[in-house]
Structures are given as structure tokens and as C-alpha cells.
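Observations on chain architecture
Single-letter residue listing:
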Amino acid sequence: MFFKGEPKLDEGKEQLEKMLTLSRLTGNPAIPDFFIRKESYIEKIVDFIESTLPKKHPFSIDITVPSIKIKTLWYLHKKDILFRTIYNSIHIGVTEEERKALKNYTPAAAIVVAFNPKDNSPDGKIEVLENSAHLLDKGLLAIADEVGIKNVLVDTAALAPGENSGASVAAIPVIKEEYGLPAGCAIHNVVEKSAWLKNFDSAAKVVDASSNINIPLFGGDYAIFGPAENAGLVFPIIAWEDILISEYTENYFGTKPRENHPRRKFFK
Amino acid sequence: MKNDFYPWGGEFTVCSSNSCIAVVLLQIDYTPPKDVAVFGQVKTENIGIEKIVANVISNPNIRYLLVCGDDIRGHLPGSTLVALHKYGIDKENRVINAPGAIPYIENLGVEAVKRFRKQVEILDLMGVRKNEKIDEVVRDCIKKSPPSFGSPYIAIKIVAKHGWAVTDDKRVLHSKIVIDYMGKIKGRGC
């Protein structure tokens, strides 16, 4: 959830409720992600999370500025909700201060971004997880482990068209096989960066929402989509794709869908 | 897009290739005058800046690079571009004194960065709210009409070499496969 300017919490609450309803209807779990733009918004947004989301429901905090990340960790600790926090994210720009803060106030999980400025191929993404492409003292997975993160979600770092955008989905099975870690990405960012789509007014939103099917198709575990208002399109699209994949995997591998899988929801 | 003057491509608009000024936009609703060489947005403090550097040095007529708008929080590509021009890169290819999250120039050689720093003067107009003020600076630069820097510098994209060997069969299945002209597999994970 991006709040442009001063966070409009009423609108945010409405979008959250809508997303959680869609999650119940389709059977696909939903975790809201909150972008915190300014230090002055930390308390407002964290208090909103605490008062609005069901107790124990996980959420992620998406922050780009290290100093705001550190202050938010402290506030989440103060509120005693780090146990359901997903830290978005650890990447090769992680600072020493941030690592110290993560050690002191450790969230339940972290998204580790496999962005490698030297090599945007799936192998390059593995390299950054293994050894940070030698830009830091150790690999990103080792850093997550060192600060005490118990649950890692790998983000395969979707880049713009022309920058090997397809590698973000191609890397999903590679990383899952290599580490057994859940993997996904924000594939819709590739759509945002496809300037040519602006010439097709009515298609842009549909392409944005449907781009997410690439993640389950490649065996991914989670899709970071946005903006939140797209939930009405994204949840049915992913449920549809899940049914398609489930029918195939059961037929081929004998894998049965769990009870609240979309296939069980809609084909009882 | 790509063209002869800007071989690295990117999202930008080409105007007058003989012009001495290019404009970098950061979260701003502003269209520069048509007599600039090229203008476009930058969003990332690594790949985005590499493209700007490579495209600017391939057109020696560009002697000014104007940066305007509001820098993007966290990534700070505008400030990183200014730092790159002022300080260059260190041995790890990190932009010296850059405030952005991941300010690495990994796909361009040191010579290309040196050339960029010599070829252009940076005009830092970040935070300037009035488009007329930016227009005025653009016009002033064009009036000065500085000479071309000389020959174009066509930067070659550096191909990464892995510091590890692929030994895991599972990963090899998905890693890059190199095929020779007869269609035979020459190597995997290279």
C-alpha cells in the first residue's frame, strides 16, 4: 500500500478489508505491504496496522531509506509486533547500522532481494545470494542468517524490459531448487516500466494485473502486486492460474491441493 | 529506444542531436524545449545512471547535463548522478559519497566514467519548482554554444564473470546454456 502524501487511513482500511475478503473468497493468502515514505509516518502507519489488521496477521513493511528502516524496527519492537513483521527488504545496499538494528530488533521474516548490478541473469541472482557479488563482506543469505532472520523470502528482482526482465521469473525455479526457499517477485514493475504500453490505454491495467500469473506458472510462492486497488483483478487471476496448475500437477505428479486452495473453493 | 547517438537505449526522447544539453527528469511534470539534445527520466541509482553515462558520452555534442525534479527517496538517482560526476567511483565500482541505496556502476569501464566527468558539466536543479526557471537555464546553456567534445565514445557493456563454479546439477539445468553453431551444447552455467 502506497500512501501518496499524508497517509489516507480510511481509504487504506477499505482497501485492506476488500483484499482480505478476496483472500477468503479465493483461498489465496494475502499479506499487506506498507510503504513508509517518511519518518513522520512511521507511528501513524504502524498504529494503523496494529489497529486494523486481524491479530497475528502478518504484514510487510517496505522502506527504502535505511534510517527510516531502523526507526521503524524499533517502533515495531516497542509495539511488540515484530513476530508478524516481514522486513522488505535486505539487499546489497544494506548498511552496517541496519544490520545492527536487525540484530537487536529481529523481524519474523525478511524479503531478500537478489538484485545483482553486475549480472541480471538467474546465475547473477544466485551469486548475490551466495557472495553479494563481492560487494559486501558476505552473501545476502548469510547476512540474513547472521542477524537472526529465521524465515527468508527471496525476491528475484524484476527489472525493466531490456534489462533481462524475464530473468526474474526464470530465476524462481533456480532459486527454489538451489535453496528450497520461497521465491517470488514484483513482476508488475516490469509492466510499469513498459512505456510502449501507454499507447494502449485500455490494456495497461489488465496487463499489469495479469503479469502476476507468471509467478505461479514458474513455481513461485508469492506475487508482490500493486497498487492495492488492483486486488479485485489480481486475486481472481491468480486463483484461475492456481486451478490450471493444480489440475496439471495432480494429474502429472499426484500433488493434491490443500483444503482452501482455489480449486477446492470453486470445484467442490 | 536506441539510435545511433544513444546505443545503450532507454526511455528517453531524442530532440536535436546537435544540441549541447541533455535533461534528466526526476518525478517532475516538465517537458524541456525541443532544442535540447535528449531528455528522459531516471529511476535507479545503478542501471539507470549507467545508461545516462553511456548515452551521453556517445554524443560528444552534449556538454551540459541538467538534473531537475525531486529525487526519488531511498534510491536517490539524482544525487547519485551528481556524486558520480563530482567524485567518480571507487575500486569496488561504488559511486563515491553517493547517498543512494545501491549506487554501483558495474557495466561500464572506468574510462567511460572518466570521459563522462570530463565531457559534461552537471547543472543540479533538483528542488527547483518553477519550470520557467529550468527553461531559462536550458536557454542560457544553448546560447553559450560550447564546442563538441570530439569523437563519440561508444562504451562497451562489461560482461560479468562469475566468481564461483557451477557444480550443482540442479542449478545447471536452469543456468545459461551455450550452444555452438551446430546446435551442440558447449557449456552450461557460463
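Rules of the game
Residues numbered from 1 in each chain as written. Chains lettered and ligands numbered in written order. Predicted model: local features only at pLDDT ≥ 70, side-chain atom pairs only at ≥ 80, totals over all residues. Helix = DSSP H or I, 4+ residues; strand = E, 2+ residues; numbered from the N terminus. Expected span 1.5 Å × (residues − 1). Buried ≥ 20, exposed ≤ 12 C-beta atoms within 10 Å, placed from the backbone. Contact = placed C-beta atoms within 7 Å. pLDDT = per-residue confidence, 0-100. Core = buried A, V, L, I, M, F, W, Y, C linked by C-beta atoms within 7 Å. Pairing = 2+ DSSP bridges. Axes fitted to C-alpha atoms, helices over the stretch in contact; angles between N-to-C directions.

1. Section: helix α11 (residues 231-253) of chain A
Residue and element names in this part refer to chain A.
- In a regular helix each residue adds 1.5 Å, so 23 residues correspond to 33 Å; α11 covers 31 Å between its end C-alpha atoms and thus fits that length.
- All of the buried residues in α11 are Ala231, Val234, Phe235, Ile237, Ile238, Ala239, Asp242 and Ser246.
- Buried-residue contacts for α11 involve α1 (9-26), α9 (204-210), α10 (214-217), β7 (222-223) and α12 (262-266).
- Just past α11, the residue Gly254 takes up positive phi, approximately 80°.

2. Comments concerning the confidence of the model for chain B
Residues and elements named next belong to chain B.
- The share of residues in chain B with pLDDT of 70 or more is 82%, and the mean pLDDT across the chain is 87.
- The least confident element of chain B, judged by mean pLDDT, is helix α5 (residues 169-174) at 51; the most confident is strand β5 (residues 121-126) at 98.
- We note a pTM of 0.86 for the whole complex and an ipTM of 0.75 for its interfaces.

3. What to know about the nonpolar core
- Among the nonpolar cores identified, the biggest contains 122 residues, and Val112 of chain A together with Ile21, Ala22, Val24, Val53 and Leu66 of chain B are the most heavily contacted of them.
- Discounting chain neighbours no more than four positions away, the residues touching Val53 of chain B are Leu108, Ala112, Val113 and Phe116 of chain B.

4. So, the sheet that holds strand β4 (residues 109-113) of chain A
- Taken in spatial order, the seven strands line up as β1-β2-β3-β4-β5-β6-β7 (chain A) in an open sheet, and their pairing is parallel. Across the chains shown, the open sheet's two edge strands, defined by having one partner strand only, are β1 (33-35) and β7 of chain A.

5. What about the sheet that holds β5 of chain B?
Residue and element names in this part refer to chain B.
- Spatial strand order, β1-β3-β2-β4-β5: five strands in an open sheet with mixed pairing. Looking along the sheet, the strands with just one partner apiece sit at the ends: β1 (12-14) and β5. Direction aside, neighbouring strands of the sheet carry axes that sit 15° apart on average.
- Pairing geometry for β1 and strand β3 (residues 38-41), over three bridges, is antiparallel. Of the residues in β3, the one forming a bridge with Phe12 is Gly40.
- Here helix α4 (residues 131-144) sits on the sheet and contacts β2 (21-26), β4 (64-69) and β5; the angle it forms with β4, its principal contact strand, is near 180°.

6. Re the pairing of β3 of chain B
- In this structure, β2 of chain B lies alongside β3 of chain B, joined through four bridges in parallel fashion. Following the sheet pairing, Leu25 of chain B is matched in β3 of chain B by Gln41 of chain B.

7. A few points about unusual backbone geometry
- The omega torsion of the bond from Asn88 of chain A to Ser89 of chain A falls at 25°, within 30 degrees of zero and hence cis.
- Note on placement: Ser89 of chain A falls in strand β3 (residues 85-90).
- Each neighbour pair has its own omega, and for Gly226 of chain A with Pro227 of chain A the value is -5°, a cis peptide bond.
- For Pro227 of chain A, the position within the fold is in the loop between β7 and α11.
- One non-glycine residue, Asn93 of chain B, lies in positive phi territory at about 70°.

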